[in-house]
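Chain residues, written in single-letter form:
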Amino acid sequence: MDQGELDKVSRRGILVSMHSALPLLLFASILACSPAQACSRALFKNSEGSVFTGRSMDWMNATATDLFLFPRGLAREGGTSGDTLKWTSKYGSMISSFYNAATADGINEKGLVANLLYLSVSDYGSPEGKPTLNIAAWTQYVLDNFATVAEAVAALEKEPFRIIAPVLPGGVAASGHLAISDSSGDSAIFEYLDGKLVIHHGPEYKVMTNEPAYNEQLAINKYWTEVKGDDFLPGTSRPADRFARASYYINSIPEKLDPAYAAMIPDRNLDAQSIASVLGVIRDVSVPLGISTPGQPNVASTTWRTISDQKSLVYYFDSATSPNIFWVELAKLDFSAGAPVKKLPVSGGQIYGGEVSDKLQPAEPFAWLPDDAASAPVPGGAAEASENSPGA
């Protein structure tokens, strides 16, 4: 039997194996087709110990995202009525807003990164006499208060507050799970299921998308790791498929400088190569602008992507509507208590290139999404969101 015949047999074997697993995979895909939008997160550590976290933001319309610098010492409230959580920011951060009413993504001055992605099966339970925190402020609370994943897990596993998920315009609850990572490569996923906090903690938790719950995502992905991505990878924009592709590629990109491409890497710098590689992974699981699937609202266009360099403390932003990537070097920012909050407008289609810390302008902090948002317009245009636009 020649090599061509062997390849045909190999492909037939893969298809037979896939056929036996199709009922499970089809059921998982149906579960994934909930009214949620498609976002993805992936974590990578290279051979020199540098850590990079990338994510995409997918949504059915414009997200009115701007970038904000928040200094230390800001007095915060949880954005809920009644016994709302209160704190003072311990660390400064650079974040991407969502409708200028929530923190969707960001990195703090210690290299802790937090990424909020949609998860429609979330159930945060009742307050049970604890202070409450609007889900719009959850990401910011973590960035404000913790320097490492271990520190955040130790504090949050005690459940010092309860999440309140307001109903968005259109009648859909704001609902999500949170991924965090630090400069050591440690990682954790936080989900609320059946009213209970579930934490997956360890550097092995590199990838997160949306539905189903994380333990089910891991189970589905186990099948694809056995199939092997060199032979076949699922190609749709559904969360389980994006998880499989992101997981395969983030574990396949080179940890050392690739001699085949070293000449085209700026200064032959490994970190520059790693940033390009991680961005390639996130772009692979992105959805082209203007693409949506009727009857499948979880397939929505990617509006922007971020890459956080957690050793050098650089925050990269890649807008789907801009020809350029731009970045902010945190070392050039003033995070001291009493320093002004600053903003870089992005929501109006502004085009930037290169390092942009000098373009941030003083601004007021935005207010959190109202906990009665279904009946109150959200700043930045969220009230224009369609009823098929619940989350990312």
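As the structure is a computational prediction, the values presented were derived from the model and not from experiment. (Residues numbered from 1 in each chain as written. Predicted model: local features only at pLDDT ≥ 70, side-chain atom pairs only at ≥ 80, totals over all residues. Heavy atoms only, no water.)

(A) Examining the packing of helix α4 (residues 214-227) against helix α5 (residues 239-250) more closely. Orientation of α4 relative to α5, taken along the N-to-C sense of each, is 60°, at an axis distance of 9 Å. Here α4 is positioned oblique relative to α5, judged by the angle of their axes. When the axes of α4 and α5 are compared, the crossing they make is right-handed. The segment α4 lies against α5, with Tyr214, Gln217, Leu218, Ile220, Asn221 and Trp224 engaging Ala240, Phe243, Ala244 and Ser247. In terms of residue class, the contact of α4 with α5 is built from 7 nonpolar, 3 polar and no charged. (Axes fitted to C-alpha atoms, helices over the stretch in contact; angles between N-to-C directions. Helix = DSSP H or I, 4+ residues; strand = E, 2+ residues; numbered from the N terminus. Parallel < 35°, antiparallel > 145°, perpendicular 65-115°, else oblique. Left-handed = near helix turned anticlockwise from the far one by under 90°. Contact = heavy atoms within 4.5 Å. Nonpolar A, V, L, I, M, F, W, Y, C, P; charged D, E, K, R; others polar.)

(B) Here's a closer look at the sheet that holds strand β18 (residues 342-344). In spatial order, the strands read β13-β12-β11-β8-β7-β6-β3-β18-β20; together these 9 strands make up an open sheet with antiparallel pairing. Two strands close off the open sheet at either side, each with one partner strand: β13 (196-201) and β20 (361-362). Bridge count for strand β3 (residues 67-70) against β18 is 3 bridges, and the pairing is antiparallel. Along β18, the bridge assignment pairs leucine 69 with lysine 342. (Pairing = 2+ DSSP bridges.)

(C) Just the nonpolar core, in detail. Counting residues in each nonpolar core, the largest one holds 86 residues, and the members touching the most others are Met94, Leu133, Trp138, Phe161, Ile180 and Phe190. With 7 residues, the top contributor of residues to this core is helix α2 (residues 135-145). For isoleucine 180, the residues in contact, after removing those within four places along its chain, are Arg41, Val113, Ala114, Val142, Val149, Ala152, Asp186, Ser187, Ala188 and Phe190. Ranked by size, the runner-up nonpolar core spans 6 residues in total, among them Ile220, Trp224, Val227 and Ala244. (Core = buried A, V, L, I, M, F, W, Y, C linked by side-chain atoms within 4.5 Å. Buried < 20%, exposed > 50% of the residue type's maximum accessible area, 1.4 Å probe, protein only.)

(D) Broad picture of the packing of aromatic side chains. One pass over the structure, following the stated rule, counts 21 aromatic pairs. Consider the rings of tryptophan 87 and tyrosine 141, whose centres lie 4.9 Å apart with planes at 85°: the pair is edge-to-face. Of this pair, tryptophan 87 sits in strand β5 (residues 86-88) while tyrosine 141 sits in helix α2, placing them 54 residues apart in sequence. Each member of the pair tryptophan 87 and tyrosine 141 is classed as buried. Its end group placed over the ring of phenylalanine 70, arginine 76 keeps NZ or CZ at 4.4 Å from the ring centre. (Phe/Tyr/Trp six-rings, centres within 6.5 Å; stacked < 30°, edge-to-face > 60°. Lys NZ or Arg CZ within 6 Å of the ring centre and 35° of its normal.)

(E) Here's a closer look at the packing of α5 against helix α6 (residues 270-284). Running from N to C, α5 and α6 cross one another at 165°; their axes reach a closest spacing of 9 Å. Between α5 and α6, the crossing angle belongs to the class labelled roughly antiparallel. In terms of crossing hand, the pair formed by α5 and α6 is right-handed. Only Val278, Val281 and Asp284 of α6 make contact with α5, whose side of the interface consists of Arg245, Ala246, Tyr249 and Ile250. Looking at side-chain class alone, the contact of α5 with α6 contains 5 nonpolar, no polar and 2 charged residues.

(F) Molecular detail of α5. Along its 12 residues, α5 runs 16 Å from first to last C-alpha, staying within 8% of the 16 Å computed at 1.5 Å per residue. Of all 12 residues in α5, 10 are buried; the element is thus mostly enclosed. Within α5, burial applies to Pro239, Ala240, Asp241, Arg242, Phe243, Ala244, Arg245, Ala246, Ser247 and Ile250. (Expected span 1.5 Å × (residues − 1).)

(G) Region of interest: the pairing of strand β15 (residues 301-309). Counting buried positions over the 9 residues of β15 gives 9, a clear majority of the element. Two elements, strand β2 (residues 51-59) and β15, share 8 bridges in a ladder whose sense is antiparallel. When the sheet's bridge partners are listed, tryptophan 59 is paired in β15 with serine 301. The pairing of β15 with strand β16 (residues 314-319) spans 6 bridges and is antiparallel. Its bridge partner being in β16, isoleucine 307 is matched across the sheet by tyrosine 316. Joining the antiparallel neighbours β15 and β16 is a turn of 4 residues, in which leucine 313 adopts a positive phi near 60°.

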